[in-house]
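Here are the chains, one letter per residue:
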Amino acid sequence: MLKAAAPGERGAWPAPATLHEREREESALTAAVERLGAGQGGLSAIEGVAGIGKSSLLAEAAGTAEEAGVVVLRSRGSEMERGLPYGIARQLFEPLLRRADGPSRERLLSGPARLTRRLFEPDADPAPPGADFGALNGLYWLTAALAEEQPVLLCIDDAQWSDPASLRYVNYLARRLQGVPALLCVATRSPDPGPVATLLDDLLAEAEASCGVLRPPPLSEDASVAVAAEILGSPADGGFLRACHRASGGNPLLLRALCRGLRESGVEPRSERTADVERAGGAALAGLVRLRTAQLPPAATRLVRSAAVLGDRAAVAEAISLAELAPEPGLDAFEDLRRANFLRPGREIEFVHPLAREAVLAGMGAGEAARAHAAAAHLLADRGAASERVSEQILRAPPAGDTAWVALLREAAVAALAAGDGRTAVACLRRALDEPPAAGDRLQLQIALAQAETLVDSPAAICRMEDILDEIEEPRIRAGVAATLASHLPSWDPQRTIDIGRAALADLDGRDDEVARHLEALVLTGELLVDEPPISAGIEPKPATGDGPDARRLACLLGYRQARGNSPAAEVAPPVRAAFTGEWTRYATEAGAQYAFGMLVLIAADHEEALDLCEEWEATGRRLGRVATWSGAKMFRALALLARGELGEAAVEAADALEAMEAYGMGGGVVSFAAAAQADAEIAMGELDRARHTLERAGRAPGDPGAVNLHGLALSRARLRAAGGDAAGALEEMLDLGRRFERVGGRNPALLPWRSEAALLASALGDGERARALATEEVALGRAWGAPRALGRALGRAAAVAEAGEQSALLADALSVLAPSPARAELAEAQLLKGLIARQSSPLAAREPLAEALALASACDAAPLERRAREALVAAGARPRRSAIVGPEALTGRERQVAEQAAAGRSNREIAQELFLTKRTVETHLTRVYRKLGIGSRAQLADRLAPPA
């Protein structure tokens, strides 16, 4: 049986105070623990002001869980540690991993959980920049591995002081608890505005939908009187006790501190002494701390201040040295503080309550505290402490012009970046500039800061790089900074990207071909993202030559520009495909935006390898643990599946991508594009409420540039309006989108089929002439592009709006183009139209195409199309089967992967780890597999998947 912290060990929970009027909260937590024992996980949150009883409720829940045989992992946020990446996560798991024997530890840290080794093993290789998602996913699987052996309760107190990286893990885990016997119990109070506040808001919203958010109210007067009488003893006057309630506001911690302070001050609990209560009320705890500090021996007073400066989990020996005490008197002082209920026993500092530490710091005064933090920084640096710990102290100390501190802060920034914590890196580098650095180092420090800011604060990074460009004298360095600046501008201001890139190219004047190529790619990226043609003539890069990353980026960008203008796919696709060879996944990881344009070209061209390339890209993201790479590849995989008519699988892939992007805090057009892929699949499947929710959810993402080339949500919104019956509104949106696309030279119906969709809407509204004109134009453009899906779709829709005499020829062309292609949804649509036309003259002749349409629509999960085909077949006198296509041939690629692994005996968890899916997604795939194979359990999989003898 696994065990977490033992009583008395660091991390063990303090004995809770007697709880009053918390029956509702205790009952809710007990119910959540009972559900956990039955295998049902979830998230419960406790929110309230300091002292309201959150810690006691957590302790009660932990005790209940331990009695039920649940593994309890504990952590507590600390103001001094919120700059340490994954500090909360480390607190949760380190005690358990430290006690685990070798085989158990290896088992827990295997599979995707191996990506967490760098958090728990000092000698592990650091993560590459941007690999934070690997840690998130690894921590999730570490939690799941523990939960498979025994249910797990994860208690997090004072979450408002958590580090952002840990909170991202908690949010990531919270969304994946379905089917995992793990209960998250988080206690928090309102944090200062910033990234932690945003993450906590998301967490509380998730808790509301799970086990709920508990908000303990202040104690009633009766309960406060009972608590006060318990502490003050009898006889105590009722008026005095009620005054204690008013002074404390019913806050249990303040009430107890107030009553203890009054008792220790010798105030008798009589009505005539209520004025003493009123004076003490607002500062009950601070007053008690000051009183108790004043009663301490001088050595203990110095030690408690040093302990407050160093913060929880500092070594007691460090606090003794900072207090300038000899070891033996220092240990005596520590014992005095333990007896006075300031600190808990152990070899590390841990205040009994965070408010006590706050009160000690507040009592020191700003000047004294700042000097103490400076002394702590010197002490820790001299002792060889990690740069992250030293930097935490320097950040609270006044600038001193110490170049050694500048070096330490830069080192801490590098460590923070390696751990995926850009915010701490930015804080360290900004403080290093204030120190200040030596004159010759200032510019390099500003460049490093700007690069770090690009990860967490793009506006600040942009402003800083614009400010320092003129200070840089060396053209190559200046061009490099300009390239970094331009690469972070497209989502905010693509025209500015163009302007900066052109200016840097002119300044570089041929001095560095590699940087010039990079700048050319950025300028072209900006030109592809503006909603208006470039203000001045765009650059005309030379045709990409060689095999380097910049040549490949340009091949992708130039290919998209040619595809947008509707140059033939047979000419455009091969140079783009050549960019996806050799080490292309490494280049794509470094230049995802440019490769995204290239992948759009291959999908639009119906390239037979597009889906395989998406899977290769996804596998690279899994291996590196990079969310941008992995989620982006899954998004493109969803688009490739959509093009093949595999709607259900496309919806799952897009949902996984979108969830990962949101968990990681991504925004901008990429989130909109992923949401559009998911919504398009859901609309085609007839799941309109889900599609509406998907689009609303994506609309809240920050920074969507709304560029017509990456039309994101615009096309999906128009499609949703059309599916909901608002043909007029959908037509207006579709036409506007088409005008915008044409304004930037967009002609390709494979990238934006606005004409054929508008044609169907116009026809439904009775404007046949307009419908036929739009459809005819798209057919011509589809022939020029030459890829089957776009042409077949255009021909089929042209047939749908054509006059009777022209329908047959158009439809025959559509079927001949689509039949050998993988575009099954478009083929189903064309077969349905063929059957409907045939039924007008011969119901018997209509049955074959209608049956084919039904089978294809069923295989695609296109429920509205399937329903129409089934109704038409019944009207033609047929009796169609409920499921048109069954058997192994009905499985999609991912469904077959999952089914084969399940048939081989692998658990859902093992399958999810291998394919980088959630267990919920694996379960969804298996449910669909069972339905398509006509079986009821995984025990039957092997027989049904086996080829016929």
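Source: prediction; values computed, not measured. (Residues numbered from 1 in each chain as written. Predicted model: local features only at pLDDT ≥ 70, side-chain atom pairs only at ≥ 80, totals over all residues. Heavy atoms only, no water.)

J.: Is there a simple way to think about the overall build of the protein in this case?
T.: Helix and strand counts for the protein stand at 48 helices and 5 strands. Counting over 949 residues, the protein shows a buried share of 56%. Taking the intrachain contacts of the protein between residues at least 6 apart in sequence as the baseline, contacts between residues at least 24 apart amount to 70%. Accessible area of the protein: about 37,800 Å², with a carbon and sulfur share of 51%. (Helix = DSSP H or I, 4+ residues; strand = E, 2+ residues; numbered from the N terminus. Buried < 20%, exposed > 50% of the residue type's maximum accessible area, 1.4 Å probe, protein only. Contact = heavy atoms within 4.5 Å. Areas by Shrake-Rupley, 256 points an atom, 1.4 Å probe, with all protein chains shown as cover.)

J.: What exactly am I supposed to notice about the nonpolar core here?
T.: Looking at soluble globular proteins, one finds that nonpolar side chains tend to be buried together. Core analysis: the largest hydrophobic core is formed by 121 residues, its most contacted members being Phe580, Tyr595, Phe636 and Trp785. In contact with Phe580, not counting residues within four places along its chain, are Arg552, Cys556, Tyr595, Gly598, Met599, Leu602 and Leu613. Residues Leu43, Val170, Val898 and Leu926 belong to the second largest nonpolar core, which totals 65 residues. (Core = buried A, V, L, I, M, F, W, Y, C linked by side-chain atoms within 4.5 Å.)

J.: Where do I start with the confidence of the model for the protein in this structure?
T.: The predicted coordinates should not be examined in detail at positions where pLDDT is low. Confidence in the prediction for the protein averages 84 pLDDT; 88% of positions are at 70 or higher. Within the model, pLDDT remains below 50 along residues 1-16, and this stretch shows 41 contacts once partners closer than five positions in the same chain are excluded. Scored below 50 in pLDDT, residues 701-706 makes 15 contacts in the model with residues more than four places away or belonging to other chains. (pLDDT = per-residue confidence, 0-100.)

J.: It is not clear to me how the packing of aromatic side chains should be interpreted in this structure. Could you clarify?
T.: The geometry of an aromatic ring pair is captured by two quantities: the separation of the ring centres and the angle between the planes. Within the structure shown, the criterion is met by 10 aromatic pairs. Each ring, one from Phe580 and one from Trp584, has its centre 4.9 Å from the other, and the planes form 55 degrees; the classification is tilted. Of the residues examined, Trp584 reaches a relative accessible area of 1% and is grouped as buried. Relative to Tyr595, the ring of Phe580 has its centre 5.1 Å away and its plane inclined at 80 degrees; by these criteria the two rings are edge-to-face. (Phe/Tyr/Trp six-rings, centres within 6.5 Å; stacked < 30°, edge-to-face > 60°.)

J.: Please explain the packing of helix 42 (residues 824-839) against helix 44 (residues 863-875) as it appears in this structure.
T.: Two measures define how a pair of helices packs: the angle their axes make with one another and the distance between the axes. Their axes nearest at 11 Å, the elements helix 42 and helix 44 cross at an angle of 25 degrees. Accordingly, the angle class assigned to the pair helix 42 and helix 44 is roughly parallel. As helix 42 runs across helix 44, the sense of the crossing is left-handed. Residues Ala825, Ala828, Glu829, Leu832, Leu836 and Arg839 of helix 42 touch helix 44, and the partners they reach there are Leu865, Arg868, Ala869, Ala872 and Ala875. For the contact of helix 42 with helix 44, a count of residues per class yields 8 nonpolar, no polar and 3 charged. (Axes fitted to C-alpha atoms, helices over the stretch in contact; angles between N-to-C directions. Parallel < 35°, antiparallel > 145°, perpendicular 65-115°, else oblique. Left-handed = near helix turned anticlockwise from the far one by under 90°. Nonpolar A, V, L, I, M, F, W, Y, C, P; charged D, E, K, R; others polar.)

J.: Help me understand the pairing of strand 2 (residues 71-76) in this model?
T.: Both faces of the sheet carry side chains from a regular strand, because those side chains alternate between them. Burial runs high along strand 2: 6 of the 6 residues are buried. Side chains Val71, Leu73 and Ser75 of strand 2 all project onto a buried face; the interleaved residues Val72, Arg74 and Arg76 project onto the opposite face, where all are buried too. Judged from the 6 bridges that link them, strand 2 and strand 3 (residues 152-157) form a sheet pairing that is parallel. From the neighbouring strand, Arg74 faces strand 3, where its bridge partner is Cys155. (Pairing = 2+ DSSP bridges.)

J.: I keep staring at the sheet that holds strand 3 and nothing clicks. Help me out?
T.: The pairing of strands in a sheet comes from backbone hydrogen bonds and takes either a parallel or an antiparallel form. Strand order in the open sheet formed by 5 strands is 2-3-4-1-5, with parallel pairing between adjacent strands. Of all the strands in the sheet, just strand 2 and strand 5 (212-214) have a single pairing partner and so form its edges. Each strand of the sheet is rotated relative to its neighbour by a mean of 15 degrees, with strand direction disregarded. On top of the sheet, helix 2 (residues 54-67) reaches strand 1 (42-47), strand 2, strand 3 and strand 4 (182-188); it is set at about 165 degrees to strand 3, its chief contact.

J.: I would appreciate a short explanation of a negative patch on the surface in the present structure.
T.: On the surface, Glu21, Glu23, Glu221 and Asp222 cluster together to form a negatively charged patch. Inspection of the secondary structure assignment puts Glu21 in the segment before helix 1 (23-37). (Patch = residues over 30% accessible without salt bridge, like charges linked within 9 Å, V, L, I, M, F, W, Y side chains within 5 Å. Salt bridge = Lys/Arg side-chain N within 4 Å of Asp/Glu carboxyl O. Lys, Arg positive; Asp, Glu negative; His and termini not counted. Charge placed at Lys NZ, Arg CZ, Asp CG, Glu CD.)

J.: Would you mind showing me how to read the pattern of salt bridges here?
T.: Opposite charge on two side chains permits them to pair, given that their charged atoms come into close proximity. Under the definition given, this model contains 50 salt bridges. Two residues, Arg339 and Glu335, come together in a salt bridge whose shortest N-O distance is 3.7 Å. Here Arg339 and its partner Glu335 are both found in helix 16 (residues 327-339), 4 residues apart, which amounts to about one turn of the helix. In this structure, the salt-bridge partner of Glu895 is Lys932, at a minimum N-O distance of 3.0 Å. Separated by 37 residues along the polypeptide, Glu895 in helix 45 (residues 893-903) and Lys932 in helix 47 (residues 919-933) bring together distant segments of the chain. Classification of Glu895 as buried rests on a relative accessible area of 0%. A single network of salt bridges, built from pairs that share partners, joins Glu615, Glu618, Lys634, Arg637, Glu649, Glu653 and Asp656.

J.: Before we go on, may I ask you to explain unusual backbone geometry in this structure?
T.: What is expected of a backbone is that most residues other than glycine have negative phi and most peptide bonds are trans. Here Glu435 and Pro436 are connected by a cis peptide whose omega angle stands at -5 degrees. With respect to the secondary-structure elements, Pro436 resides in the loop between helix 21 (422-434) and helix 22 (442-456). With phi around 55 degrees, Asp606 is a residue other than glycine that occupies positive phi space. If you trace the backbone, Asp606 turns up in the loop between helix 30 (592-604) and helix 31 (610-624). Even without glycine at this site, Asp861 takes up a positive phi of about 65 degrees. Looking at the secondary structure, you find Asp861 in the loop between helix 43 (843-860) and helix 44.

J.: Help me out: how do you make sense of the pairing of strand 1 in this one?
T.: Within strand 1, 6 of the 6 residues are buried, which leaves the element mostly enclosed by the surrounding structure. Of the two faces of strand 1, both are covered, the one formed by Gly42, Ser44 and Ile46 as well as the one formed by Leu43, Ala45 and Glu47. Inspection of the sheet shows strand 1 paired to strand 4 by 6 bridges, in the parallel sense. Bridge pairing in strand 4 links Ala45 to Val186. Where strand 1 meets strand 5, 3 bridges bridge the pair, whose relative direction is parallel. For Ser44, the partnering residue across the bridge sits in strand 5 and is Gly212.

J.: Got a minute to help me understand helix 44 in this structure?
T.: Because an α-helix packs 3.6 residues into every turn, residues spaced three or four apart end up facing the same way. The end-to-end C-alpha distance of helix 44 is 18 Å, a good match for the 18 Å that 13 residues give at a rise of 1.5 Å each. Those residues of helix 44 that sit buried are Leu865, Glu866, Ala869, Arg870, Ala872 and Leu873. For helix 44, the angular spread of buried residues about the axis comes to 165 degrees, placing them on one side. More than 90 degrees from the buried face of helix 44, the exposed residues found are Glu871 and Ala875. Of the surrounding secondary structure, the elements contacted by the buried residues of helix 44 are helix 42 and helix 43. Of the residues flanking the end of helix 44, it is Gly877, one or two places downstream, whose phi is positive at about 90 degrees. (Expected span 1.5 Å × (residues − 1). Arc of directions from axis to C-beta.)

J.: Sorry, what's going on with the environment of Pro151 here?
T.: Within the fold, Pro151 resides in the loop between helix 6 (132-149) and strand 3. On the basis of relative accessible area, Pro151 is assigned to the partly exposed category, the value being 22%. Remark: the alpha-carbon pair of Pro151 and Ala38, spanning 113 residues in sequence, is separated by 8.8 Å.

J.: I tried to follow helix 21 on my own but got confused; where do I start?
T.: Compared with the 18 Å implied by 1.5 Å per residue over 13 residues, the 19 Å span of helix 21 between its first and last C-alpha is a close match. Among the residues making up helix 21, those that are buried are Gly422, Thr424, Ala425, Val426, Cys428, Leu429, Arg431, Ala432 and Leu433.

J.: Which parts of the structure should I look at to understand the state of the cysteines?
T.: A covalent bond between the sulfur atoms of two cysteines is what we call a disulfide. For the structure shown, the criterion picks out 0 disulfides. Its sulfur unpaired, Cys259 is 4.1 Å from the next cysteine sulfur, which belongs to Cys244. Classification of Cys259 by relative accessible area gives buried; the value is 0%. (Disulfide = S-S within 2.5 Å.)

J.: Help me out: how do you make sense of the packing of helix 36 (residues 713-723) against helix 37 (residues 727-743) in this one?
T.: The contact between helix 36 and helix 37 brings their axes to 8 Å, and the two run at 160 degrees. Between helix 36 and helix 37, the angle falls in the class roughly antiparallel. Classified by chirality, the crossing of helix 37 by helix 36 is left-handed. In contact with Ala714, Leu715, Arg717, Ala718, Arg721 and Ala722 of helix 36, helix 37 contributes Gly729, Ala730, Glu733, Met734 and Leu737. Considered class by class, the residues forming the contact of helix 36 with helix 37 number 7 nonpolar, 1 polar and 3 charged.

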